[in-house]
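Summary of structural features
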Amino acid sequence: MKKISLRKAVFVLVMSLFYTLVAFLGLFNRIDKWIQDSILLRPQALTGDVVVIGIDDDSLERLGPYNTWDRNVMANALRALSSEPENMPSVVAIDTLYSGTTDPAADANLVSAVKALPRVITACAGEFGSDFVEDGKGSFSRQDHLVLGYEEPFADLQEVSTQGHINAMYDLDGVLRHALLYFDVNGVRVYSMAWEAASAFAEAYGQELVLPDTDKRGHYYLTYSALPGTYDDGWNIADLIDGKIPADYYAGKIVFIGPYSVGLQDEYFTTIDRARKMYGVEVQANAVEAFLRADYKYEMADWLQALVTFIVLAVLLTIFLKLKLTPSSIVAAVVCALTFGMSIVLFGQGIIVHPLWLPLGALGMYVVAIAVHYIRAYLERVRVTRTFERYVAPEIVGEILKEGVENLSLGGKNCDIAVLFVDVRGFTTMSERLTPEKVVYILNKYLTMASDCVEKNKGTLDKFVGDAMMAFWGAPLPQEDAVYNAVKTAVDIIEGAARVSDELKAEIGEELRVGVGVNYGPAIVGNMGAEKHMDYTAIGDTVNTAARLEANAPGGCIYVSRAVVDALGDRIVAESLGDTVKLKGKAEGFEVLKVVELK
C-alpha cells in the first residue's frame with residue numbers, strides 16, 4: 001500500500017508539474033491573451049474631459065496632402081482654439097513631431113500660437129534597439145531596449161511647451177496591450193504625452209494623479225475605455241481652422257490633435273477590439289482616461305500563478321483519481337466555472353491573471369484521471385481474464401467482467417456452490433506397472449476430457465491433483481442451475497471416461513474407470529494464498545464432503561449428498577445408500593445417494 005501511495009503521489013506531482021511548466025513557458029499565451037482581451041475588457045463610460053480633433057481624409061482633401069503642410073497649418077489650428085480666451089481648452093496635445101527648423105516664419109508662427117494657449121504638450125520620440133554596453137570594467141554585454149536615438153521639437157518650441165513621447169510598441173502577439181510610461185535620455189526621464197497631458201489637466205484643476213506601477217522598462221498595462229472610432233465626433237482640423245467647431249466643444253478640456261487617416265500610418269490593434277485598428281491619437285486619449293480615473297490593472301506574477309496552479313491541480317488530480325466519472329465530471333465543471341469566474345472578479349479588482357491556466361488545467365487533470373481509470377479498468381480486465389480463463393469457460397469470464405471485478409473480493413466470500421471431485425480408480429497400481437510416458441498419456445487424455453466437460457457445463461475448474469480434479473459451480477458468479485450443471489458434468493465425465501477407456505484399451509490395452517462425488521452447500525470462495533502466489537479456490541465442509549463422496553464412489557458411479565437430490569427434485573433419480581457408506585469425518589447417519597439417472 002505504501003508503494004502504491006508513493007507511486008500515486010509521484011504521478012500526481014509529475015502530471016501537475018508538467019502542465020504548470022507548459023503553461024508557465026507560454027504555450028497557451030496567445031489564446032490566453034485573446035480571452036483576456038475579448039472577454040474581460042469592456043468599454044466604459046468616458047469622463048468627457050478628452051476630445052480628439054483628427055487629421056482625417058476630409059481635412060487632407062481640403063488642406064492638401066499632409067507632406068505639403070507647413071507649420072502654419074498647425075499654428076492656424078491652435079489660434080482657432082485660443083480665439084475665445086474664456087473658452088480655451090485646458091490642455092492641447094499635438095500628436096505630431098516638429099523636430100528641426102524649417103521656414104523661420106512658420107516656426108515662429110507655431111511658437112506664437114502655442115504661447116497663446118495655457119498648456120501645450122508637444123511630441124518627442126525615442127528610437128529603441130539593442131547594443132553592446134561596457135560595464136565599466138572593460139567588459140561588454142548586449143542589452144535590449146536601449147534608446148539609440150531621440151527626436152524632439154525644435155528649440156524654440158521646446159521652450160514654450162512640455163514634451164511627451166509618442167512611442168507605441170506592440171506586444172509579442174501583435175497587440176498594443178502595454179504602454180510605455182517613460183524612458184530615460186541622458187539622465188532625463190521623458191514621460192508619455194498621455195501622462196503629461198493628464199498631469200497638466202489635473203494640475204489645472206488642483207488634482208493629483210497617481211502613477212501606475214511599471215516593469216523595469218517603464219511599461220504598464222493600458223486599460224482601454226473606448227472602442228476605435230469612439231472619439232470621432234465628426235470634427236477635424238480643417239473644421240477647426242475654418243471656425244466650424246463651437247468653442248464649448250473643447251472649452252476646459254484636453255484636446256488631442258493627431259493623425260486620423262489610414263494613409264498616415266499611425267494605427268494599432270488594441271485589446272479593446274482586436275478586429276479593428278485604433279489610431280494612435282485615440283490610444284493617447286484612452287491612456288489619459290485611465291490616468292484621470294486611476295484605472296490601472298496589475299498583472300499577477302507568473303511564478304505566483306504557476307505555484308497556485310500547481311497546488312490546485314495536484315489536489316484536483318488526487319480527487320479525480322478517487323472519484324467515479326459522474327462526480328468527477330461535476331467537480332471538473334464546477335472548478336472550471338469557479339476559476340474562470342475568479343479571473344473575471346480579480347480583473348474587476350484590478351488584478352490580471354491568466355484566465356485559461358486553471359480551467360484548462362482542471363480539464364486536463366480530469367482527462368488524465370479518466371485515462372487512468374480506463375487504463376486501470378483495462379488492466380484489471382486483462383488480469384481477470386488471464387486469471388479465470390484458466391479455470392472457467394470463456395462465457396463465464398465475460399459475465400465476470402460484466403458484473404465487475406469488485407465481486408472478486410480478496411479473501412473470499414461465502415456462497416452456496418456445487419462441488420465436484422473425480423478420480424481414477426486404481427491409478428496408483430496402473431502407474432507402477434506402466435512406463436512414465438504411458439502414464440502421462442493416459443492422464444492427459446482423461447484430464448482433457450474431464451476439463452472439457454466442466455467447461456461445457458459452465459463450471460469453474462479449480463485444480464488438478466495427480467489424477468484427481470476438482471470443479472465447482474455457483475462462483476465466481478451465482479448460477480441459476482449450479483447443482484444441475486454439476487451433476488450433468490459428472491454424468492458427462494462417466495460417459496466420457498467410458499469412451500476414453502475404449503480408446504485406451506484399443507491403443508495400449510488399458511482400461512479407465514473413474515468415480516465422481518458431488519455435494520452442494522455453503523463454502524468460502526476466493527483468492528487464497530500469498531500475494532505473489534495465490535489460487536482461486538473453494539474451502540469448507542461442503543468441499544471436504546464432496547471429496548469424501550468421490551473417494552468412496554466405485555468406478556463408473558456418482559455419489560451425491562441429500563442436499564444435491566433435494567435441490568434437483570424430480571429431475572434426478574437417485575438410489576439412497578443410507579448410512580452404509582461411512583464418510584471420514586462425518587457423523588453417523590449421513591445419507592449417501594447414488595445417481596441412477598439425470599432427466
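You'll find the structure just up there.
To keep things clear, this report deals only with the structure shown in the data block.

Cut-offs used in this document
- Residues numbered from 1 in each chain as written.
- Predicted model: local features only at pLDDT ≥ 70, side-chain atom pairs only at ≥ 80, totals over all residues.
- Heavy atoms only, no water.
- Helix = DSSP H or I, 4+ residues; strand = E, 2+ residues; numbered from the N terminus.
- Expected span 1.5 Å × (residues − 1).
- Buried < 20%, exposed > 50% of the residue type's maximum accessible area, 1.4 Å probe, protein only.
- Contact = heavy atoms within 4.5 Å.
- 1 Å grid on protein atoms, 1.4 Å probe; cavity = no way out; pocket = protein on both sides within 12 Å on 5 of 7 lines; lining within 4 Å.
- Points joined across faces, edges and corners; volume = space filled by probe spheres on them.
- Nonpolar A, V, L, I, M, F, W, Y, C, P; charged D, E, K, R; others polar.
- Pairing = 2+ DSSP bridges.
- Salt bridge = Lys/Arg side-chain N within 4 Å of Asp/Glu carboxyl O.

This paragraph deals with helix 7 (residues 193-204). Given a rise of 1.5 Å per residue, 12 residues ought to cover 16 Å, and the 17 Å separating the end C-alpha atoms of helix 7 matches this to within 8%. For helix 7, the complete set of buried residues consists of Met193, Ala194, Trp195, Glu196, Ala197, Ala198, Ala200, Phe201 and Ala202. Structurally, helix 7 contributes buried residues whose contacts are with strand 2 (91-94), strand 3 (120-134), strand 5 (162-165), strand 8 (188-191), strand 10 (254-259) and helix 9 (280-293). Just past helix 7, the residue glycine 206 takes up positive phi, approximately 70°.

This part is about empty space enclosed by the protein. Counted according to the given criterion, the structure contains two cavities of 30 Å³ or more. The space that makes up the second largest cavity amounts to roughly 30 Å³. Lining the second largest cavity are Val52, Gly54, Asp56, Tyr231, Asp232, Trp235 and Tyr260. Grouping the amino acids of the lining of the second largest cavity by side-chain chemistry returns four nonpolar, one polar and two charged.

Okay, the pairing of strand 18 (residues 514-529) next. Of all 16 residues in strand 18, 12 are buried, a share of seventy percent or more. In this structure, strand 15 (residues 413-424) lies alongside strand 18, joined through 12 bridges in antiparallel fashion. Bridging across to strand 18, cysteine 415 finds its partner in alanine 523. Alignment of strand 18 against strand 20 (residues 558-561), held across three bridges, turns out to be parallel. Across the sheet, the residue bridging to valine 516 is isoleucine 558, located in strand 20.

The next thing to look at is unusual backbone geometry. Alanine 475 connects to proline 476 through a cis peptide bond whose omega is 10°. Structurally, the position occupied by proline 476 is in the loop between strand 17 (468-473) and helix 16 (482-508). With a phi angle near 55°, glutamine 265 is a residue other than glycine that sits in the positive phi range. Considering the arrangement of structural elements, one finds glutamine 265 in the loop between strand 10 and strand 11 (267-270). A relative accessible area of 72% means that glutamine 265 is categorised as exposed. Even without glycine at this site, alanine 294 takes up a positive phi of about 55°.

Now for the pattern of salt bridges. A side chain with one charge can pair with a side chain of the opposite charge if their charged atoms come near. In this structure the tally under the stated criterion is 24 salt bridges. The salt bridge involving arginine 293 is made with aspartate 295; its shortest N-O contact spans 3.3 Å. Residue classification places aspartate 295 among the buried positions, given a relative accessible area of 13%. Between glutamate 591 and arginine 562 there is a salt bridge, with the nearest N and O atoms lying 2.8 Å from each other.

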